[in-house]
Amino acid sequence: MISPRPAWPERLRYFTERQNGIVNTIRELVEIESPSDNKHAVDLIAAFLAQKFKALGGRTELHRSNNFGDSLQIDFAADPASLHRKPVLLLGHYDTVYPLGTLANMPCKVENGRLHGPGVLDMKSGIALILHAIEALQAWHGGALPRPVTVFLVSDEEVGSYSSRKITEALAKQSAGVLVLEPAAGLRGAVKTARKGVGEYTLRVKGIAAHAGLDPGKGHSAILELARQIAEIAKLNNLRQGVSVNPGVIQGGTRTNVIAAEASVAIDVRIQRATQASALDRKLRSLKPFDKHCKLEITGGINRLPMERTTGVAALYKKAQTIAREVGWKIDEAAVGGGSDGNFTAGLGIPTLDGMGGVGEGAHAVHEYIVISELPRRALLLAGMVESV
Ligand SMILES: [Zn+2]
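Presented here is a report on the structure given in the accompanying data block. (Residues numbered from 1 in each chain as written. Predicted model: local features only at pLDDT ≥ 70, side-chain atom pairs only at ≥ 80, totals over all residues. Heavy atoms only, no water.)

## Let's talk about the pairing of strand E9 (residues 197-206)
Let me state the cut-off plainly: Throughout, exposure labels follow a simple rule: accessible area from a 1.4 Å probe, protein chains only, divided by the maximum for the residue type, with under 20% read as buried, over 50% as exposed, and the rest as partly exposed. Helix and strand definitions here come from DSSP, where helices need a minimum of 4 consecutive H or I residues and strands a minimum of 2 consecutive E residues; each element is numbered from the N-terminal end. Criterion used throughout: strands pair if DSSP finds at least two bridges between them.
With seven of its 10 residues buried, E9 lies for the most part within the structure. Inspection of the sheet shows E9 paired to strand E13 (residues 262-271) by 10 bridges, in the antiparallel sense. Paired with Lys206 across the two strands is Glu262, which belongs to E13. Note: E9 against strand E14 (residues 295-304), nine bridges, orientation antiparallel. For Arg204, the partnering residue across the bridge sits in E14 and is Glu297.

Next up, the structure:
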């Protein structure tokens, strides 16, 4: 039997009444620390979440990884009348950037309507929203979901998604659309309809070592060469075109009295359009040494192509606007500089809407928090999008 679908304001009330329950779920997840580089810790939260999703009737599958934590796929069947619909893919990650023990100095706590804690915004609140939206949809639709739903929670998003990317892409290809539960943009809670592409390069310089005092003319300083190269690399910035290049970490040299034989720089690059990738790559690879006795070696590349605002992406945003209007909410869209796994799925041409998760500030920072009162609307939006994508 299918119960009549409640109206939007009633649905919002449903989630408002359950706000404390959503907060408790988020707290449970935040209090299981899960740094990307600690497989054991990440596997523990995967197992915990597998139990939660099983309790909702999901079929869970762990995708094993040797170098990273395991990723978790959960499939929900639809009611028999909706089985023909393509699934929607709900995408998230349970790894965080915080090392084990962070909770001691950054406890999960409620203060002034905010919930604080490591990973609370990025993106454990997003995972909690998935759990609560699915539970609500089941309640509203007489026990079964109105379409097949696949949830994929990855273990290594914060470190480049190297173990999970292929699975994310394969699942996206089978889906009608992808909703990414990364944090919303800004405190007005905008969803993200465009993201920059992200890459990382390393430039290594090999020079010739010499005693700085006895043989100053014989050495060829890798550090001096690197300094000149960094000035060249900075010229590749084109902020108006959305291209930015940041030499973020430098290393080199051994002692002050040695002309350095080696030096290197790690460079973060961002691009706005996929077509900018090859030109930037070519320019970096064609850097020439100023000092002919020095050798340059460049490695790396673009990891995530940009998530561009395609017509498919715009159509999903329009659906989100329609749902939001039902409860008197005007939801904004934003283009952001950071990448996510949404870049992979959008890059395949699958309609993707990102920033569907919590609203707050301070991702990756000591003051990370979410605004508790925003949770009911976010859950309502997610549930509505699952129905209509
Ligand atoms: Zn994230």
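Continuing now.
## So, the sheet that holds strand E17 (residues 360-361)
Backbone-to-backbone hydrogen bonds join strands into a sheet, with any given pair of strands oriented parallel or antiparallel. Note the cut-off: Note on contacts: a residue pair is in contact if any heavy atoms of the two residues lie within 4.5 Å. Interaxial angles span 0 to 180 degrees and are taken between N-to-C directions of axes, which are lines fitted to C-alpha atoms, for helices over the stretch in contact.
The antiparallel open sheet is built from four strands, whose spatial order is E4-E5-E18-E17. Each edge of the sheet is formed by a strand with only one pairing partner; in this case those strands are strand E4 (109-111) and E17. Its contacts with the sheet put helix H5 (residues 120-140) on strand E5 (114-116), E17 and strand E18 (369-371), and the angle it makes with E18 is roughly 50°.

## Brief notes about the packing of helix H2 (residues 19-30) against H5
Selection criterion: Roughly parallel means an angle under 35 degrees; roughly antiparallel, over 145; roughly perpendicular, 65 to 115; everything else is oblique. Should the near helix be turned anticlockwise from the far one by less than a right angle, the crossing is termed left-handed; should it be turned clockwise, right-handed. For this classification, the nonpolar set comprises Ala, Val, Leu, Ile, Met, Phe, Trp, Tyr, Cys and Pro, the charged set comprises Asp, Glu, Lys and Arg, and every other residue, Gly included, is treated as polar.
Two elements in contact, H2 and H5, have axes separated by 9 Å at closest approach and are oriented at 130°. The orientation of H2 with respect to H5, classified from their angle, is oblique. Here H2 and H5 pass one another in a crossing that is right-handed. Residue-level contacts link Gly21, Ile22, Thr25, Ile26, Leu29 and Val30 of H2 to Val120, Lys124, Ser125, Ile127, Ala128, Leu131 and His132 of H5. Along the lines of polarity and charge, the residues of the contact of H2 with H5 split into eight nonpolar, four polar and one charged.

## Details of the coordination of the zinc ion
This is how the line gets drawn: Because no water is among the atoms considered, metal sites can look incomplete, with donors defined as N, O and S atoms within 2.8 Å of the metal, or 3.2 Å for Na, K and Ca. Here a site with four donors is tetrahedral if all angles are between 85 and 135 degrees, and a site with four or six donors is square planar or octahedral if opposite donors are over 155 degrees apart and the other angles are between 65 and 115; anything else gets the irregular label.
Around the zinc ion, the protein contributes the donor atoms His93 (NE2), Asp122 (OD), Glu182 (OE) and Glu182 (OE), which lie 1.8 to 2.7 Å from the metal centre. Given four donor atoms and angles of 52 to 145° at the metal, the environment of the zinc ion is assigned as irregular. Read from N- to C-terminus, the donor residues coordinating the zinc ion fall into the pattern H-x28-D-x59-E. In this pair, His93 is assigned in strand E3 (residues 88-93) and Glu182 in the loop between strand E7 (177-180) and strand E8 (191-195), connecting sequence segments 89 residues apart.

Honestly, it's all geometry; don't read function into it.
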